[in-house]
There are 2 protein chains.
Amino acid sequence: MTGAVQYAVDLRMPGMLVARALRSHLPHARVLSIDTTRAREVPGAVILTRDDLAGTRSRFGPVFKDQPVVAIDKVRFVGDLVAVVAAEDLDSADEAISLIEVEYEALPAVFDPREALLPSAPILHDPADFVDGSGTADTIQPGVEGFEGFPDGNLCCSAHFESGDTAKGFAGADRIFEDTYSCDPIQHAHLEPHAALAYWEGPGSLVIHCSTQDPWVVRSELAYIFKVEPSAVRVIVPSVGGGYGGKLYPRIEPVVAALARKARRPVQWVLTREEVFMTLTRHGASVRLKTGVTRDGRLIARQVEVVYDGGAYAEISPRVVVQNAPVAAGPYRIPHVSVDCHAVYTNKPPAGAFRGFGVPQIVWAYESQMDDMAHALGVDPVELRRKNLYQEGDAYLTGERLDGVGVEQCLSAVAAAIPPIARSGVREGQPRQRLVRGRGLACSIKSTMTPSNSVASVRLDPDGSLQVLASGVEIGQGYTTILAQVAADALGVSLERVRVLKPDTDVTPFDHGTKSSRLTFTVGEAVRRATIDIRGQLLDMAADKLEVARDDLVIEHDQIRVRGTNVVLGIPDAFKARFGLPVGNLYGDAVVQTTGGLAHGTYRGKDSAFWMWSAAAVEVEVDTQTGKWRLVRIASAVDVGRAINPVQCHLQNEGAATMGIGAALMEGLVHDGGQPLNSSFVSYPVPSMEDVPQDFQSVLVEAPHPDGPYGAKGVGESGLLAVAPAIGNALADALPGVRLRNLPMRPADVFAALSGAATQPGEAPR
Amino acid sequence: MTGAVQYAVDLRMPGMLVARALRSHLPHARVLSIDTTRAREVPGAVILTRDDLAGTRSRFGPVFKDQPVVAIDKVRFVGDLVAVVAAEDLDSADEAISLIEVEYEALPAVFDPREALLPSAPILHDPADFVDGSGTADTIQPGVEGFEGFPDGNLCCSAHFESGDTAKGFAGADRIFEDTYSCDPIQHAHLEPHAALAYWEGPGSLVIHCSTQDPWVVRSELAYIFKVEPSAVRVIVPSVGGGYGGKLYPRIEPVVAALARKARRPVQWVLTREEVFMTLTRHGASVRLKTGVTRDGRLIARQVEVVYDGGAYAEISPRVVVQNAPVAAGPYRIPHVSVDCHAVYTNKPPAGAFRGFGVPQIVWAYESQMDDMAHALGVDPVELRRKNLYQEGDAYLTGERLDGVGVEQCLSAVAAAIPPIARSGVREGQPRQRLVRGRGLACSIKSTMTPSNSVASVRLDPDGSLQVLASGVEIGQGYTTILAQVAADALGVSLERVRVLKPDTDVTPFDHGTKSSRLTFTVGEAVRRATIDIRGQLLDMAADKLEVARDDLVIEHDQIRVRGTNVVLGIPDAFKARFGLPVGNLYGDAVVQTTGGLAHGTYRGKDSAFWMWSAAAVEVEVDTQTGKWRLVRIASAVDVGRAINPVQCHLQNEGAATMGIGAALMEGLVHDGGQPLNSSFVSYPVPSMEDVPQDFQSVLVEAPHPDGPYGAKGVGESGLLAVAPAIGNALADALPGVRLRNLPMRPADVFAALSGAATQPGEAPR
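Here we look at the packing of aromatic side chains
For step 1, the next point in the chain: The tally for this structure, following the rule as stated, stands at 22 aromatic pairs over all chains.
For step 2, the next point in the chain: On the numbers, 5.1 Å between centres and 80 degrees between planes, the contact of B:Trp200 with B:Phe226 is edge-to-face. Residue B:Trp200 is found in strand S11 (residues 195-202), and its partner B:Phe226 is found in helix H4 (residues 215-226); the two are separated by 26 residues along the sequence.
For step 3, the next point in the chain: Taking the relative accessible area as the measure of exposure, B:Trp200 reaches 17% and is therefore buried.
For step 4, the next point in the chain: When the centroid spacing of 6.4 Å and the interplanar angle of 80 degrees are considered together, the rings of B:Tyr332 and B:Tyr366 count as edge-to-face. In this pair, B:Tyr332 sits in the loop between helix H7 (317-324) and strand S18 (336-345) while B:Tyr366 sits in helix H8 (residues 359-377), placing the two residues 34 residues apart along the sequence.
For step 5, the next point in the chain: Owing to a relative accessible area of 1%, B:Tyr366 belongs among the buried residues under this scheme.
For step 6, the next point in the chain: Grouped by ring-pair contacts, the aromatic residues A:Tyr390, A:Tyr396, A:Trp611 and A:Trp613 constitute a single cluster.
For step 7, the next point in the chain: Between the NZ or CZ atom of B:Arg528 and the centre of the ring of B:Tyr710, over which it lies, the distance is 5.9 Å.

Printed below as a string of structure tokens:
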């Protein structure tokens, strides 16, 4: 509000240059020549092209190293980086950009993932692009069971998961439903664009301040690119103005570092909004779903094929396919499951992590089909779900026991919050009213990145203040508040005594990244354990001074008290007793390591450190003459394990659900022959407060997890997952016979469906 | 060399203002009014005067809170701060300064400390100035035994030390010598002037980047002044361009912070060189020395009275008097000792810490007298010293056992390096040659600040790199190199793997300050212990992985090896075995707490964590027609305990000795009626390479100390202590009958002495 918070876009350094980029205007082309002769005449301009990548590994990526720092042989989408210019001011940089002459040889391009897999399709990547590819940034590496290894033509990556015997399952089913559902790619629309400021302190020592969710991964990737030790790279993260996954893994950091290396000056680059739209997207996807059920509504077998549109570079798609294969069948006990997940290269901007990590596209499919099945079977949609939902202590598909399963509570809560529309039994053949209402609901399951590690180092000062060193990123989700609460509670001091440092890889310890809703669970728990260690040291000091047993002491209100007495010792006095003066520090540290998942190289055993469960229900009102619809009310229930900060949990839930509304109602990137048509907030609206109903019920379910701090689980993504299918189900409820199978469901799509020209799955709206 | 190192003077921030000061032109005056009406009309000018101190404690100081942030009721020396202006540029600030109108009422002033103690002297401080005085920054607090407590008139502070019975001692002496020796105040002349950049992140949260040797003390003092918790103040220290004690304790930080608070903008203040001369000095001093000896040269009794010229504010004078009282009798076993140390307020710039901390002034006295006594007794000066020097394991005056006593080795080394001048026995009555030579030597003892505390937190990363968090300041002395060596050795990795962080009180742990030659001994030892803790954790991990006993493992060349085999495990692999991936960190921390000294509130028991011993010898050549003299050769021997980095030890020794040459030959602040006459490097020369002889022998003696890392002791100050008396003794040797008793010994003083008009002790040169 006051402008006091410094974001990466606000940083300034003496001698700092600013940057602009030259990007490809072709979706696929060979780069024949780049002539910078005239551009170099612009005073002060420093130009980075493929000719400046000597001494670097030139390509990066969290799993496959397929993304060049700047274009080398080819460009692969409209917006692919060709050259970057640093100059004293943006006008000079723009002038130099305009004087760079690039000769391209246009190549055939492909935009649809299924077309990209045809033998006739142009191939984006040469196999030689992958020879040095071994993941530096992520745990997914070729060779993990269930993961097919290196790309094959345009098939970037695949994962297969199986449990039971689907052939046998389908043979025993009374009814089989088979449909395809799809989602357009969408954009993260974080308020702060990508921004980074880099400088080299010497030829082998890089400092970069950047708006990232992933400082340690950025560090290891930059070390890989520039062939230096990881400790030679210092990544400092100021407050981040939103991320939603769009700032995971290196993004603009490699090119800014390369430009600063050439300029021998600090260089800052802040993307324009149009460039943000070209930088990363949420995967467009199509999901083919075949489900066998018994007459009484028990799910027997499910076969899932997910095709993600990965865009031009692999980015984190390999993890998306590997992580989601075991959850693609939904939160239901199904004896026979077979899942294939694929990500495919196309000549579009790369797709990567986005709140929900590829799960919302799948939930959209199975929860839409669930309502269709309920309708076909004549069963209440809530009852159909309830009959099949996982329960506490159930064995999951992977064989592991499920702890903390709050999904039925979530479902019941939203079902109660948004009751069915009361209407007469007969609607077929009746004249349709202009404004009709419908109610829909959906629920979901999601895993968290596993294994992962978080380290915390906590320092107690003589004045009773705690400094918390950890590398989670405050991106507006309230991370610093949670950590302060945990540390204050663990020691027994007031919240104001705790300061949580911002990430700085030279200073704050390792963390696997602000992703997968994991921070409270892992960093929070690490801080709790580290602080409990300090508490023990402090009590020992006090016990010595007061000559009592340590167990007789409690810490309350910033003081140490002998239990049941008025004898107190201030924290400064405890330090004075130990160190001669109120000086010195006490340190505690802890590593939280979640195990299982792909560390086993198999899908058997523990797949996820904790599970996210959620449900949403909505009531919609549709104008049957225009297709325009609005949300009348919404309820979103998330299982948080334990709400350490209920206000923040509600805000996370509401914010996530609102992003779900955007994806359902309005968001979708539109391309024409690879050219982006709506790369601005004028043509690409995101939900405003006007799109959110006043009746917005956020419900927190608490099914505690034994490994989380105080039982807490992550909540960053849960609220998003079930919203779109709940809305789709509500539209289907309002409009009998209408089933939209592609996201977003813009009014024009509803209108078309009402007119009998139903939108086809996977077909992009015009 | 490349300009890549950023000092505080180099820092820039967006929106930053720069500052200039209005200082008193009178040595002592009441401030009747300050009118800023016209100054405020300068666009952008923010003016800080006494009217802006509301909400602060308004006065500070490491022991007594007698120094106002800006002048309140009075000014007390020429250069005392009256107002400070922040503005967009220095020209605007200067313009505003020129428009501030101050009305003074001149008061009588006093410049000589002994005169300042006369009943007729004007009194600088009102007793009310001390009512809130309790040390926040230092361990010295009123009430410690041997320390007289609050100031009494102009007598700022006194300390008395006694051992044996001097009356009895003198009664038993064969000869008694009594003389007075003096030193002019001098300036630190650090290359980088004082500089600080402060901003407030909110009303209760201050960040200050400053060129200080004392981040934690600056933190606690700023918290005291602004009435916030210490943890609300963040002190960040970039590389410091020299300090020599001149940047200990708060200096310009309080006023920069107050100005930034008023401006609500970042404010940077960099002093001009002239202002540096007005900011802090080394105490001028006069030392009255009475020594009783036996006929055969055993020292029986010594009475010492030291009067330090403290200048206008107490600063750290209380510690100077308290710490030096027990060492004022020199490195000699003397049964009967009585010492009185005083610091006195005068209307001159405040005096404070300076390499040697008040000891060089005392060594100047006792080592000059030692040669006079040797001459009078007809004993060789080396033999006289040898007969009386402390030996390993001796009991010190305080009763403690002395460990690591290398003083005789130092003396012997320099005596051998610079042999006596070969000359015929008879010189009296001979015609004096134009160029004559003499040889002199001296030795010394110094204690280190005790008690003190240093904390280190060390982090091992999976790539085998170590991050060392500690709050010592790199001021050019090589601190970071020493810490890197200690950490690398303790773990068994190469030096390049270690990074030592710069101090940042939010990040790096407590340290008592870069002072008193203590960093290697305390921070070095803390880093060693913390790293050994990490080593144990790493070996445990490796032992688990390799299935061997931990004791069978060694760490060599960045690898873990099974002793006597070729079986090795890389550090990344050890992390992978423990954390599933090469991720995570190992942490170690340690507190080194030196005990004894004033923590006991008494001079009995351990007085110093370690002792500094040194000796110097020189050969001089004097032009008897002009008094001009030059050093022909010099040898300086310091007892380093153990030379962790011999090159750096030699550089410290040579640098310190060179400062000793400056104080002996040319340095001395000259005032006339309180007006400084030589506040620039034109009129105040410091030694250049031309003043240093080519034949400069640095000798490292290693008398290991049981508590230091690898036996090391501090060496930052030792080389300075004995140089001036060695030179004085050489001049006396060259010029029979000439004994200069005031520093510096400029050629004009030598000439005057040769002409029979010997410079009187304490008399300032014209």
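Okay, back to it.
As for the pattern of salt bridges
Residues and elements named next belong to chain A.
For step 1, the next point in the chain: Tallied over the full model, the rule gives 89 salt bridges over all chains.
For step 2, the next point in the chain: Residues Glu305 and Arg114 are paired through a salt bridge, measuring 3.0 Å at the closest nitrogen-oxygen approach. Placement of Glu305 in strand S17 (residues 299-311) and of Arg114 in helix H2 (residues 113-116) is noted, with a sequence separation of 191 residues between them.

A short note on the packing of helix H9 (residues 381-388) of chain B against helix H10 (residues 407-417) of chain B
Residue and element names in this part refer to chain B.
For step 1, the next point in the chain: The interhelical angle for the contact between H9 and H10, taken along N-to-C directions, is 170 degrees, at an axis separation of 10 Å. One finds that H9 runs roughly antiparallel with respect to H10. On the side of H9, the interface is formed by Val382, Arg385 and Arg386, while H10 contributes Glu408, Leu411, Ser412 and Ala415.
For step 2, the next point in the chain: A class-by-class count of the residues in the contact of H9 with H10 yields 3 nonpolar, 1 polar and 3 charged.

Comments concerning the packing of helix H4 (residues 215-226) of chain A against helix H5 (residues 253-263) of chain A
Residue and element names in this part refer to chain A.
For step 1, the next point in the chain: It is at 10 Å that the axes of H4 and H5 come closest, and there the two elements cross at 50 degrees. By the angle between their directions, the pair H4 and H5 is classed as oblique. Between H4 and H5 lies a crossing of right-handed hand. Mapping the contact onto sequence places Val218, Leu222, Ile225 and Phe226 in H4 and Glu253, Pro254, Ala257, Ala258 and Arg261 in H5.
For step 2, the next point in the chain: Looking at the contact of H4 with H5 residue by residue, the class counts come to 7 nonpolar, no polar and 2 charged.

Some remarks on the sheet that holds strand S29 (residues 629-639) of chain A
All names here are of chain A.
For step 1, the next point in the chain: Pairing within the open sheet is mixed, and its 4 strands lie in the order S20-S28-S29-S32. Each edge of the open sheet is held by one strand with a lone partner, namely strand S20 (435-447) and strand S32 (695-701). Averaged over all adjacent pairs, the angle separating strand axes in this sheet is 15 degrees, with direction ignored.
For step 2, the next point in the chain: Against the sheet, helix H10 (residues 407-417) makes contact with S20, strand S28 (611-623), S29 and S32, and its axis sits at roughly 20 degrees relative to S28, the strand it touches most.

Describing the pairing of strand S25 (residues 559-562) of chain A
All names here are of chain A.
For step 1, the next point in the chain: By the alternation rule, side chains of S25 split into Ile560 and Val562, which are all buried, and Gln559 and Arg561, of which none is buried.
For step 2, the next point in the chain: Here strand S24 (residues 553-556) pairs with S25 via 4 bridges, running antiparallel. Opposite Glu556, over in S25, you have Gln559 as the bridge partner.
For step 3, the next point in the chain: Here S24 hands over to S25 after 2 residues, with His557 in that stretch at a positive phi of 50 degrees.
For step 4, the next point in the chain: As paired strands, S25 and strand S26 (residues 568-570) are joined by 3 bridges and run antiparallel to one another. Counted as the bridge partner of Ile560 is Leu569 from S26.
For step 5, the next point in the chain: Turn length for the S25-S26 hairpin, with the two strands adjacent in sequence and antiparallel, is 5 residues, and the turn residue Gly564 shows positive phi of about 75 degrees.

Digging into the interface of chain A and chain B
For step 1, the next point in the chain: On the side of chain B, 42 residues touch chain A, which itself brings 42 residues to the contact.
For step 2, the next point in the chain: A combined buried area of about 3,600 Å² lies between chain A and chain B, and 50% of that area is made up of carbon and sulfur atoms.
For step 3, the next point in the chain: Considering only the side of chain A, the residues that lose the most area to chain B are A:Arg499, A:Asp506 and A:Tyr587, jointly responsible for 16% of the buried surface there.
For step 4, the next point in the chain: Summed over the shared surface of chain A and chain B, the result is 6 salt bridges.
For step 5, the next point in the chain: Note that A:Arg497 is salt-bridged to B:Glu229, the shortest N-O span being 3.6 Å.

Observations concerning the side chain of B:Glu253
All names here are of chain B.
For step 1, the next point in the chain: Mapped onto the secondary structure, Glu253 falls in helix H5 (residues 253-263).
For step 2, the next point in the chain: Nearest to the buried, unbridged Glu253 among oppositely charged side chains is Arg251, at 6.4 Å.
For step 3, the next point in the chain: Reaching out from Glu253, the side chain makes a polar contact with the backbone nitrogen of Arg251 at a distance of 2.6 Å.

Comments concerning helix H14 (residues 646-665) of chain A
For step 1, the next point in the chain: When the terminal C-alpha atoms of H14(A) are compared, their 28 Å separation across 20 residues agrees well with the 28 Å that a helix rising 1.5 Å per residue should span.
For step 2, the next point in the chain: Most of H14(A) is tucked away: 14 of the 20 residues are buried.

Observations regarding the relation of the copies chain A and chain B
For step 1, the next point in the chain: When chain A is fitted to chain B, the residual RMSD is 0.1 Å, and the transformation amounts to a turn of 179 degrees plus an axial shift of 0.0 Å. Such a combination of turn and shift is consistent with a two-fold rotation axis.
For step 2, the next point in the chain: Of the interface residues in chain A, 100% have counterparts in chain B that sit at the interface too, so the contact is made through matching surfaces.

A closer look at the sheet that holds strand S10 (residues 175-183) of chain A
Residue and element names in this part refer to chain A.
For step 1, the next point in the chain: With respect to topology, 6 strands assemble into an open sheet ordered S9-S18-S17-S16-S10-S33, the strand pairing being mixed. Sheet topology places strand S9 (155-163) and strand S33 (742-743) at the edges, where each strand pairs with a single neighbour.
For step 2, the next point in the chain: Here S9 pairs with strand S18 (residues 336-345) via 8 bridges, running antiparallel. Residue pairing for S18: Ser163 is matched across the bridge by Val337.

What to know about helix H12 (residues 519-546) of chain A
For step 1, the next point in the chain: Over its 28 residues, H12(A) runs 38 Å from end to end, which matches the ideal 40 Å to within 8%, given 1.5 Å per residue.
For step 2, the next point in the chain: Looking one or two residues beyond H12(A), the residue adopting positive phi is A:Glu547, at roughly 55 degrees.

Focus: the environment of B:His342
For step 1, the next point in the chain: Locating B:His342 in the fold gives a position in strand S18.
For step 2, the next point in the chain: Once you skip the residues sitting within four places of it in the chain, B:His342 turns out to touch B:Leu155, B:Cys157, B:Ser158, B:Glu305, B:Val306, B:Val307, B:Tyr308 and B:Val321.

A closer look at the side chain of B:Thr166
All names here are of chain B.
For step 1, the next point in the chain: As for its position among the elements, Thr166 is in helix H3 (residues 166-171).
For step 2, the next point in the chain: Residue classification places Thr166 among the buried positions, given a relative accessible area of 13%.
For step 3, the next point in the chain: Each residue touching Thr166, except ones within four places of it in the same chain, is listed here: Ala301, Arg302, His336, Val337 and Ser338.

Examining the pairing of strand S21 (residues 452-460) of chain A
All names here are of chain A.
For step 1, the next point in the chain: With 9 of 9 residues buried, S21 lies mostly within the body of the structure.
For step 2, the next point in the chain: What you see with S21 is no split at all: Ser452, Ser454, Ala456, Val458 and Leu460 on one side and Asn453, Val455, Ser457 and Arg459 on the other are buried throughout.
For step 3, the next point in the chain: Direction of pairing for S21 relative to strand S22 (residues 466-469): antiparallel, over a ladder of 4 bridges. In the sheet register, Ser457 faces S22, and the bridge partner there is Leu469.
For step 4, the next point in the chain: Remark: 5 residues form the turn of the hairpin made by S21 and S22, two consecutive strands paired antiparallel; Gly464 in that turn has positive phi of roughly 85 degrees.

What counts and how
- Residues numbered from 1 in each chain as written.
- Chains lettered and ligands numbered in written order.
- Predicted model: local features only at pLDDT ≥ 70, side-chain atom pairs only at ≥ 80, totals over all residues.
- Heavy atoms only, no water.
- Phe/Tyr/Trp six-rings, centres within 6.5 Å; stacked < 30°, edge-to-face > 60°.
- Helix = DSSP H or I, 4+ residues; strand = E, 2+ residues; numbered from the N terminus.
- Buried < 20%, exposed > 50% of the residue type's maximum accessible area, 1.4 Å probe, protein only.
- Lys NZ or Arg CZ within 6 Å of the ring centre and 35° of its normal.
- Salt bridge = Lys/Arg side-chain N within 4 Å of Asp/Glu carboxyl O.
- Axes fitted to C-alpha atoms, helices over the stretch in contact; angles between N-to-C directions.
- Parallel < 35°, antiparallel > 145°, perpendicular 65-115°, else oblique.
- Contact = heavy atoms within 4.5 Å.
- Nonpolar A, V, L, I, M, F, W, Y, C, P; charged D, E, K, R; others polar.
- Left-handed = near helix turned anticlockwise from the far one by under 90°.
- Pairing = 2+ DSSP bridges.
- Buried area = accessible area lost by both parts, 1.4 Å probe.
- Lys, Arg positive; Asp, Glu negative; His and termini not counted.
- Polar contact = N/O pair within 3.5 Å; in protein donor to acceptor, adjacent residues only side chain to side chain.
- Expected span 1.5 Å × (residues − 1).
- Least-squares fit on C-alpha atoms with pLDDT ≥ 70 in both.

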